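Working through the structure, step by step
As a plain string of letters, each chain reads:
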Amino acid sequence: MTWLALAYSSTATQPMSAVEIGQLLLKARMFNASVGVSGVLLHDSRQFLQYLEGPPDAVERVWQRVSASPRHQQLTVLMREPTETRLFADWQMGCLEAPASLLQRLANEQWRIAMAVAERRQPLSPALALLRQFAQGVQREALGKNSGSPLIL
Ligand SMILES: Cc1cc2nc3c(=O)[nH]c(=O)nc-3n(C[C@H](O)[C@H](O)[C@H](O)COP(=O)(O)O)c2cc1C
């Protein structure tokens, strides 16, 4: 199965409170789940960086909704690529608070995976490796503290 992966960065039109982000996520997760899209949203309440993966049509539909939102601006697509691997299959749009420095670094990293056509296993691009390392670190921390699902962070 070939999935589509899409990553973008954006800037909040106005800084969003935890409550506002929670409300946004509620709708986002409902829609994403209904079309089979998973991923992760990193933010520092001002900057966003989101990674979406799933069936190509479904990712495009989510992207339509994302890009139509007046909540953010300066949307920059960092990556839009077919992939054989879902990196966040268990994450029904995880949401993680991240330091501004990490968001900056991710926005400037290399996202594209050089597609090895004959090879099924693709290596992770530097940006994807960094994103996954951060997400897994937060997840482990949350589980260690036994504070419940990392998806509600
Ligand atoms: C940073 C950010 C991330 C978003 N991520 C998603 C998403 O993953 N899935 C989705 O359906 N909509 C996403 N949206 C779009 C809004 O959630 C969408 O406008 C909302 O679900 C529909 O809201 P409305 O009923 O207020 O129009 C995102 C918006 C922003 C600003």
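Predicted model, so just to flag it, every value in this text is computed and none were measured.

Some words on unusual backbone geometry
Phi at Gln74 is positive, roughly 50 degrees, even though this residue is not glycine. Given the relative accessible area of 56%, Gln74 is considered exposed. Backbone geometry at Met93 places phi at a positive 60 degrees, although glycine is not the residue there.

Some words on the site of the ligand
Every one of the 14 residues lining the ligand counts as a neighbour, but Lys27, Ala28, Asn32, Gln50 and Arg65 are closest to it. Between the ligand and the protein, one listed contact pairs an oxygen atom with a side-chain N or O atom of Lys27 at 2.9 Å. Gln50 places a polar side-chain atom, nitrogen or oxygen, 2.9 Å from an oxygen atom of the ligand. Against a free-state accessible area of 610 Å², the protein chains account for coverage of 77% of the ligand. Element by element, the count of residues in the shell around the ligand is highest for helix α1 (residues 18-35), at 5 residues. Along the lines of polarity and charge, the residues of the shell around the ligand split into 7 nonpolar, 4 polar and 3 charged.

Looking at helix α2 (residues 56-68)
Under the 1.5 Å per step criterion, the end-to-end length of α2 is 18 Å for 13 residues, consistent within 8% with the ideal 18 Å. Within α2, the full set of buried residues consists of Ala58, Val59, Val62, Trp63 and Val66. Considered in projection along α2, the buried side chains sweep an arc of 140 degrees and stay on one side of the axis. Residues of α2 that are exposed and point over 90 degrees away from its buried face: Asp57, Gln64 and Ala68.

Structural notes on the packing of α1 against α2
One way to put it is that α1 packs onto α2 with a least axis distance of 9 Å and a crossing angle of 160 degrees. Taken together, α1 and α2 sit at an angle that is classed as roughly antiparallel. Here α1 and α2 pass one another in a crossing that is right-handed. Along the contact surface, α1 presents Lys27, Phe31, Asn32 and Val35, while α2 presents Ala58, Arg61, Val62 and Arg65. For the contact of α1 with α2, the class distribution of residues is 4 nonpolar, 1 polar and 3 charged.

So, the packing of aromatic side chains
A full pass over the atoms with the stated rule returns 4 aromatic pairs. Each ring, one from Tyr8 and one from Trp63, has its centre 5.3 Å from the other, and the planes form 55 degrees; the classification is tilted. Highlighted residues: Tyr8 in strand β1 (residues 3-12) and Trp63 in helix α2, separated in sequence by 55 residues. Each member of the pair, Tyr8 as well as Trp63, is classed as buried. Pairing Phe88 with Trp91 gives two aromatic rings, centres 5.7 Å apart and planes at 90 degrees, and the pair type is edge-to-face. By relative accessible area, which is 5% here, Trp91 ends up buried. Aromatic rings pair up to connect Tyr51, Phe88, Trp91 and Trp111 into one cluster. The ring of Trp3 has Arg86 sitting right over it, with the charged end atom 4.6 Å from the ring centre.

Details of the environment of Leu106
Position of Leu106 among the secondary structure elements: in helix α3 (residues 100-108). Apart from the residues lying within four places of it in its own chain, the contact partners of Leu106 are Leu42, Leu49, Leu78, Trp111, Ala127, Leu130 and Leu131.

Notes on the sheet that holds β1
Whether parallel or antiparallel, the strands of a sheet pair through hydrogen bonds between backbone atoms. Taking strand neighbours across the sheet as the criterion, the 5 strands line up as β4-β1-β3-β2-β5 in an open arrangement whose pairing is mixed. Where the open sheet ends on each side, the last strands, each with one partner, are β4 (72-83) and β5 (94-97). Adjacent strand axes in the sheet meet at a mean angle of 15 degrees when their direction is disregarded. Bridging between β1 and β4 involves 9 bridges; their strand directions are antiparallel.

The rules behind these values
Residues numbered from 1 in each chain as written. Predicted model: local features only at pLDDT ≥ 70, side-chain atom pairs only at ≥ 80, totals over all residues. Heavy atoms only, no water. Buried < 20%, exposed > 50% of the residue type's maximum accessible area, 1.4 Å probe, protein only. Near = heavy atom within 4 Å. Polar contact = N/O pair within 3.5 Å; in protein donor to acceptor, adjacent residues only side chain to side chain. Areas by Shrake-Rupley, 256 points an atom, 1.4 Å probe, with all protein chains shown as cover. Helix = DSSP H or I, 4+ residues; strand = E, 2+ residues; numbered from the N terminus. Nonpolar A, V, L, I, M, F, W, Y, C, P; charged D, E, K, R; others polar. Expected span 1.5 Å × (residues − 1). Arc of directions from axis to C-beta. Axes fitted to C-alpha atoms, helices over the stretch in contact; angles between N-to-C directions. Parallel < 35°, antiparallel > 145°, perpendicular 65-115°, else oblique. Left-handed = near helix turned anticlockwise from the far one by under 90°. Contact = heavy atoms within 4.5 Å. Phe/Tyr/Trp six-rings, centres within 6.5 Å; stacked < 30°, edge-to-face > 60°. Lys NZ or Arg CZ within 6 Å of the ring centre and 35° of its normal. Pairing = 2+ DSSP bridges.

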